[in-house]
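Working through the structure, step by step
Listed below, chain by chain, are the residues.
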Amino acid sequence: MTEAATEPGPAHRVLHREQAQARWARTASRLTGYADLARARTARAARAARPLRAAARRASRLPPLVWDSLLPALLLLNVVTTRAPHELPVAVALTAALALPLLWRRRAPVAVFGAVAAAAFAQWLVGVQLPADVALLVALYTVAAHSGRRGALVAGAVLEAGVLLACLRWTTEGAFLTPFVAATAMTVAAAVLGVNVRTGRAYLAALEERAARREQEQERQARLAVAEERARITREMHDIVTHNLSVMVALTDAALFAQHRSPDRATTAMVQVAETGRQALTDMRRSLGVLRTDEPDAQRHPLPGIAQLEALAEQMGAAGLPTRLEVHGGRGHVPATAQLTVYRLVQEALTNTLKHTPAGTRATVRIQCSAGTVTVDVIDDGPRPPATAAAPPLPAPPPPRAAAPPLAAAVAPSGHGIPGMRERSAAYGGTLRAGPLPGGGWEVHTRLFLDSGGAASA
């Protein structure tokens, strides 16, 4: 009974929990108060430092001549207030000769050091000790900071000789070493400080020059990237517009020819014209980068590649150029950009055949995919049309095309087609060969190197 009464019940546990929470609350309030006090002190220190920072900013805007005039003014004021009247003329003259040249120390550091050294030698001859001798250290620092290493060494040697002469004349017996070492240490410190300033200034100048060169290089790379992008868009637009317009013209001619005898074929041809036009618009939007991802065409029409060559061959066949497609090897390892290049090469070659060959021409497309290369061959037979060619029967496919000079008859067709194909092939280390075949027809051959690792041997 007693043991049961001594065990902590629920009420006791609640009381202990509330007491612990109260203790934690008091501790947290004290810590919060300390933090508030620290923040308040920091804020007061920041407010107190604002006038100092403002004064430093205003002082940094002062011209260098103002700063250079402070030391001569202080030295002259010291001489005027501390020298006896009978010593004042000589002391003021020597102080002015030592300190006033410092006003031009940034413009002519070597000449200013020579003038100050000459005044110091005159002071040594007269035998007057002045606080203005500190001007020698300032002049030495300026020479080391603005001149080369040789000038700093010569000025340091001259000042060290002056230190030796001064110590020999004005030190008491047995007290030569201490002032000589102290003066020598100040001389070395002034020279080293000036050299360090000059080195830091040169380092900053090198960094600025490197940053400027890097900025110029980045601008040049940006201009090159813009030029390359413009060239890419130009090639894409040329291939898209030339191919689709050539197909649409051929289909329209066929529809006009068949509108009276075979209205169904004319309707089919016009439907294909409309579909070709829509496909051209989709390709143009995609190439210009303005096709929104939320449009269904973005999923329905992926970037063309080797898989779309079959549809291209069917389209060319519908336009009047029967095309046979042969794809050897797996294309799974071929990058999408290389597949797009293959598609555009074949498209441009077939478009040239469609434009420059008469009706009845047939084309063959061979694609050979290997581990590191893709070989593209587009060959047409290019028969020369007879002098009086009768139109083939209307129902028989393919529809007739208007006669044009055979492609094999021209050494190099005009336009941008073949140069554009050469640029596309060169992007993958390939060399494009386009020309007539000995037995008639035209051949376009290239080999793309997927790793772009060597010269092409087409």
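Above this note sits the structure.
Cut-offs and rules
Residues numbered from 1 in each chain as written. Predicted model: local features only at pLDDT ≥ 70, side-chain atom pairs only at ≥ 80, totals over all residues. Heavy atoms only, no water. Core = buried A, V, L, I, M, F, W, Y, C linked by side-chain atoms within 4.5 Å. Buried < 20%, exposed > 50% of the residue type's maximum accessible area, 1.4 Å probe, protein only. Helix = DSSP H or I, 4+ residues; strand = E, 2+ residues; numbered from the N terminus. Contact = heavy atoms within 4.5 Å. Salt bridge = Lys/Arg side-chain N within 4 Å of Asp/Glu carboxyl O. Phe/Tyr/Trp six-rings, centres within 6.5 Å; stacked < 30°, edge-to-face > 60°. Lys NZ or Arg CZ within 6 Å of the ring centre and 35° of its normal. Patch = residues over 30% accessible without salt bridge, like charges linked within 9 Å, V, L, I, M, F, W, Y side chains within 5 Å. Areas by Shrake-Rupley, 256 points an atom, 1.4 Å probe, with all protein chains shown as cover. Pairing = 2+ DSSP bridges. Right-handed = clockwise from strand over helix to strand, strands pointing away. Axes fitted to C-alpha atoms, helices over the stretch in contact; angles between N-to-C directions. Parallel < 35°, antiparallel > 145°, perpendicular 65-115°, else oblique. Left-handed = near helix turned anticlockwise from the far one by under 90°. Nonpolar A, V, L, I, M, F, W, Y, C, P; charged D, E, K, R; others polar. Arc of directions from axis to C-beta.

Turning to the nonpolar core, a few remarks are in order. If you look at the biggest cluster of nonpolar residues, it comprises 35 residues, and the most contacted ones within it are V342, V346, L350 and I367. At eight residues, helix 12 (residues 336-356) tops the list of elements feeding residues into this core. Apart from residues lying up to four places away in sequence, I367 is in contact with I306, L309, E326, V327, H328, V342, V346, V374, T375 and V376. A91, F113, A119 and L140 belong to the second-largest nonpolar core, a separate cluster that totals 24 residues.

Bringing the pattern of salt bridges into the picture now. Should the charged atoms of two oppositely charged side chains come close, the side chains can pair. Scanning all chains against the criterion turns up five salt bridges. Across the salt bridge formed by E87 and R83, the nearest N and O atoms sit 3.4 Å from each other.

The subject of this paragraph is the packing of aromatic side chains. On inspection of all chains with the given rule, the structure shows two aromatic pairs. An angle of 20° between the planes, with centres 5.9 Å apart, marks the rings of F121 and W124 as stacked. Of this pair, F121 and W124 are both found in helix 5 (residues 109-126), three residues apart, which corresponds to roughly one turn of the helix. Seen from their ring centres, F176 and F180 are 5.4 Å apart, and the 15° between their planes marks the pair as stacked. When its relative accessible area of 29% is taken as the criterion, F176 is described as partly exposed. Over the aromatic face of W124 sits the side chain of R169, whose NZ or CZ is 5.3 Å from the ring centroid.

Next up on the list: the side chain of T446. Residue position: T446 is located in strand 5 (residues 442-449). Apart from the residues lying within four places of it in its own chain, the contact partners of T446 are L345, V374, T375, V376, S425, G430, T431 and L432.

There is a patch of nonpolar side chains on the surface, built from F121, L125, L164, L165 and L168 and spanning about 460 Å² of accessible area. At the level of elements, helix 5 and helix 7 (149-170) are the ones that each hand at least two residues to the nonpolar patch. Among the elements that make up the nonpolar patch, the one with the highest residue count is helix 7 (three residues). Relative to the assigned elements, L168 resides in helix 7.

Right, let's talk about the pairing of strand 1 (residues 323-328) for a bit. Judged from the six bridges that link them, strand 1 and strand 2 (residues 363-369) form a sheet pairing that is parallel. Bridging across to strand 2, H328 finds its partner in Q368. Chirality of the crossover, the property in question, places the unit of strand 1, helix 12 and strand 2 among those that are left-handed.

Turning our eyes to something else, we now look at the pairing of strand 3 (residues 373-380). Within strand 3, seven of the eight residues are buried, leaving the element largely enclosed by the surrounding structure. Counted between consecutive antiparallel strands, the loop separating strand 2 from strand 3 contains three residues. Sheet topology places strand 3 next to strand 5; eight bridges connect them, and they run antiparallel. Its bridge partner being in strand 5, D380 is matched across the sheet by W442.

Okay, the sheet that holds strand 4 (residues 433-436) next. Strand order in this open sheet of five strands is 1-2-3-5-4, and the pairing throughout is mixed. Lying at the two open borders of the sheet, with one neighbouring strand each, are strand 1 and strand 4. Taking the axes of each pair of neighbouring strands and ignoring which way they run, one obtains an average angle of 10° across the sheet. As paired elements, strand 2 and strand 3 share seven bridges and run antiparallel to each other. If you follow Q368 over to strand 3, its bridge partner there is T375. With respect to the sheet, helix 12 is in contact with strand 1, strand 2, strand 3 and strand 5, its orientation differing from that of strand 3 by roughly 10°.

To continue, consider the packing of helix 8 (residues 177-258) against helix 12. Where helix 8 meets helix 12, the closest approach of the two axes is 9 Å, and the angle between their N-to-C directions is 40°. When the axis of helix 8 is compared with that of helix 12, the two are oblique. Judged by the sense of rotation from one axis to the other, the crossing of helix 8 with helix 12 is left-handed. For the pair helix 8 and helix 12, contact is made by E236, H238, D239, I240, T242, H243, S246 and V247 and by L340, R344, Q347, E348, T351, L354 and K355, respectively. Split by residue class, the contact of helix 8 with helix 12 holds four nonpolar, six polar and five charged.

Attention now moves to helix 11 (residues 309-318). For helix 11, the full list of buried residues reads L309, L312, A313 and M316. With its buried residues spanning 100° around the axis, helix 11 presents them on a single face. Exposed residues lying more than 90 degrees from the buried face of helix 11 are E310 and E314. Against helix 8, strand 1, helix 12 and strand 2 lie the buried residues of helix 11.

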